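Read off the chains here:
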Amino acid sequence: MTDNTDIAILGGGLAGLTLAYLLRGSGQTVTVLEARRRLGGRIYSHAPTEAASIEMGATWLGGKHRHLTALLDELGLATEPQVMDAHAWYEASRQQAPALVTLPPNPDPSMVLKRGSSALIAALAARLPEGTLRLDCPVTHIEVLGEGLLLEGPTVSLRAKRVVSTLPPNLFCGSVTVSEALPAAFTAVAQTCHTWMADSIKVGVAYRSPFWRKPFWRKQHDMQPASGTLFSNVGPLTEGYDHSHVRPGTFALKGFADSESHTWTPGQRRGAVIAQLCRVYGDDAREPVRYEECVWRAEPYTYAPYGGYVAPHQHNGHPALRAAYLGGRLLFGGSETAAEHPGYMDGAVEAAGRCAEVVRGNFTVYERA
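Here we take up the overall build of the protein chain. In terms of helices and strands, the protein chain carries 7 helices and 21 strands. Principal axes of the C-alpha set define a box for the protein chain whose edges measure 80 × 45 × 40 Å. When burial is assessed residue by residue, the protein chain has 56% of its 369 residues classed as buried. Of all intrachain contacts in the protein chain linking residues separated by at least 6 positions in sequence, the fraction that spans at least 24 positions is 70%. Surface accessibility of the protein chain: about 16100 Å² in total, with carbon and sulfur atoms responsible for 53%.

Our focus in this paragraph is the packing of aromatic side chains. In total, this model carries 12 aromatic pairs according to the counting rule given. Ring geometry for Phe211 versus Trp212: centroids 4.9 Å apart, planes at 80 degrees, classification edge-to-face. Judged on exposure class, the residue Phe211 and its partner Trp212 are both buried. For the pair Phe211 and Tyr281, a centre-to-centre distance of 5.8 Å together with 65 degrees between the ring planes defines the contact as edge-to-face. Of this pair, Phe211 sits in the loop between β14 (201-207) and β15 (216-219) while Tyr281 sits in helix α6 (residues 266-281); the two residues are 70 residues apart in sequence, bridging distant segments of the chain. By the burial criterion, Phe211 is buried, and Tyr281 matches it. What links up through ring pairs into an aromatic cluster is the set Trp60, Phe231, Tyr241 and Phe256. It is Arg24 that lies over the ring of Tyr21; its NZ or CZ is 3.9 Å from the centre. Positioned above the aromatic ring of Trp60, the side-chain terminus of Lys254 is 4.3 Å from the ring centre.

The next thing to look at is the pattern of salt bridges. Within the structure shown, the criterion is met by 14 salt bridges. One salt bridge in this structure joins Lys64 and Asp108, with 3.9 Å as the shortest N-O distance. In this pair, Lys64 sits in the loop between β4 (54-55) and α2 (66-75) while Asp108 sits in the loop between β7 (99-102) and β8 (111-113), placing the two residues 44 residues apart along the sequence. Look at Lys64 and you get partly exposed, because its relative accessible area is 47%.

Right, let's talk about the side chain of Arg329 for a bit. Here Arg329 lies in the loop between β20 (290-295) and β21 (330-332). Non-local contacts of Arg329, meaning those with residues more than four positions away in its chain, are made with Val144, Gly146, Glu147, Gly148, Leu149, Lys161, Arg162 and Val163.

Moving on to α2. The complete set of buried residues in α2 reads His67, Leu68, Leu71, Leu72 and Leu75. One face of α2 carries all of its buried residues, which in axial projection span an arc of 135 degrees. For α2, the exposed residues set more than 90 degrees away from the buried face come down to Arg66, Asp73 and Glu74. Its buried side turned inward, α2 meets α1 (14-23), β5 (79-81), β8, α3 (118-126) and α7 (345-360). Looking at the residues trailing α2, positive phi occurs at Gly76, about 75 degrees.

A few words now on the packing of α2 against α3. Here α2 crosses α3 at 60 degrees, and the two axes come no closer than 11 Å. As far as their axial angle goes, α3 and α2 are oblique. Note that α2 runs across α3; the crossing there is left-handed. On the side of α2, the interface is formed by Leu68, Leu71, Leu72 and Leu75, while α3 contributes Leu120, Ala123 and Leu124. Of the residues belonging to the contact of α2 with α3, the class tally is 7 nonpolar, no polar and no charged.

Another aspect to go through is the environment of Arg134. Structurally, Arg134 is set in strand β9 (residues 133-134). Taking the relative accessible area as the measure of exposure, Arg134 reaches 23% and is therefore partly exposed. Residues Arg134 and Leu39, 95 residues apart in the sequence, show an inter-C-alpha distance of 9.5 Å. Beyond its immediate sequence surroundings of up to four residues, Arg134 is in contact with Asp3, Thr31, Val32, Leu33, Glu34, Thr155, Val156 and Leu158. There is a polar contact of 3.4 Å between the side chain of Arg134 and the side chain of Asp3.

Rules behind the numbers
- Within each chain, residue numbers correspond to sequence positions counted from 1 in written order.
- For a predicted model such as this one, the threshold for reporting local features is a pLDDT of at least 70, and the threshold for listing and counting side-chain atom pairs is 80 or more; totals across whole chains, interfaces and linings nevertheless cover every residue.
- The basis for every side-chain value is the complete set of heavy atoms in the structure, and neither hydrogens nor water enter the calculation.
- Secondary structure elements are defined from DSSP: runs of H or I of at least 4 residues count as helices, runs of E of at least 2 residues count as strands, and each element is numbered from the N terminus.
- Note on exposure labels: buried denotes an accessible area under 20% of the residue type's maximum, exposed denotes more than 50%, and partly exposed covers the range between, all computed with a 1.4 Å probe on protein chains only.
- Note on definitions: a residue-residue contact is assigned when non-hydrogen atoms from the two residues lie within 4.5 Å.
- To measure how exposed things are, a 1.4 Å probe is used in the Shrake-Rupley method; for residues, cover is taken only from the protein chains shown.
- Only rings of Phe, Tyr and Trp enter the pairing, Trp through its six-membered ring, and a pair is recorded when the two centres are within 6.5 Å. The plane angle decides the type: under 30 degrees is stacked, over 60 is edge-to-face, the rest tilted.
- Distance and angle both matter: a charge sits over a ring if NZ of Lys or CZ of Arg is within 6 Å of the ring centre and within 35 degrees of the ring normal.
- Each reported salt bridge corresponds to a side-chain nitrogen of Lys or Arg within 4 Å of a carboxyl oxygen of Asp or Glu.
- Note that the arc is defined by the directions from the helix axis to the C-beta atoms.
- All axes are obtained by fitting lines to C-alpha atoms, using only the stretch in contact for helices, and the reported angles, taken between N-to-C directions, cover 0 to 180 degrees.
- Under this scheme an angle from 65 to 115 degrees is roughly perpendicular, one under 35 degrees roughly parallel, and one over 145 degrees roughly antiparallel; angles in between are oblique.
- Helix crossings get a hand from a simple test, with the near helix turned counterclockwise from the far one by less than a right angle marking a left-handed crossing and a clockwise turn marking a right-handed one.
- Residues are grouped as follows: Ala, Val, Leu, Ile, Met, Phe, Trp, Tyr, Cys and Pro are nonpolar; Asp, Glu, Lys and Arg are charged; all remaining types, including Gly, are polar.
- Polar contact is defined as a pair of N or O atoms within 3.5 Å, subject to the rule that within protein one atom must be able to donate a hydrogen and the other to accept it, and that residues adjacent in sequence are counted only when both atoms are side-chain atoms.

Written out as structure tokens, the structure reads:
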């Protein structure tokens, strides 16, 4: 059975949910099709009740992220500074012991959501009309039918007047077929557009107490200042931060693992991460309460292989990603399409706002050949 909607949004991440939120009350029916069994896309908070909430995806924002900040204010969601110390641990090489370095002043400190990034997803979803969200609905084909588009997948058949894809452009090209070929100029850009987060491996380690916040003796008569910040040329963590602020009374360190470790098993990564933390903090790091990781290139609804080398942020914000296609019936509105801060949470909100204005008819975008 084929259902009908005015606007179909592919992807229930920040861009897709913000677009649906902005279109509520527009007089048009909106359906968000999310391939996963959860909302959020690249915002993903692991938050069991017994231990620290750990962000496996988008985490930080800054003062320059005005679109995101305005949305947070509208939703009543508070932020706080990322915990940073005056010093950071630095591993220069395997031959050198970890050393403390002084961090320069930061005039624009990174901020985090007080209740975690997923609080933003929950707030947006809670404000959508019943029936807007459909999970476990990957779209694999778009058929051009008369004045509309038919979206098809293993669990969905939906006819829409207009479709807005918030998927990463390369993922769209690699997972969705279209009955009428899109312009070669578009596919050339989309297939070489870097997917934010896709190369990342995020790791979080929860502990019973924040031992990294206390000065300790590394050697006799060598008292070290406290720091939960880590930078390393040795790895597997290339950078790490105090992540204890998400929920009071819970304590964790979180960071990025070297992307080359995606070939390791989870057990190998865990062992290497704990060994690294022991090098820096001593035996206190040996027995974590919990270890979490997300290898984003293993997420089929985020990552699709590139045909060759793609540089970080390559083609993010390219004008071809903001044009209309299929006679104005197909738009692209994911974070990578944003003119400002593409690839970040702010870019996702900006892109959603642009698409909302187009859908409302407040301005026109033109087809690109």
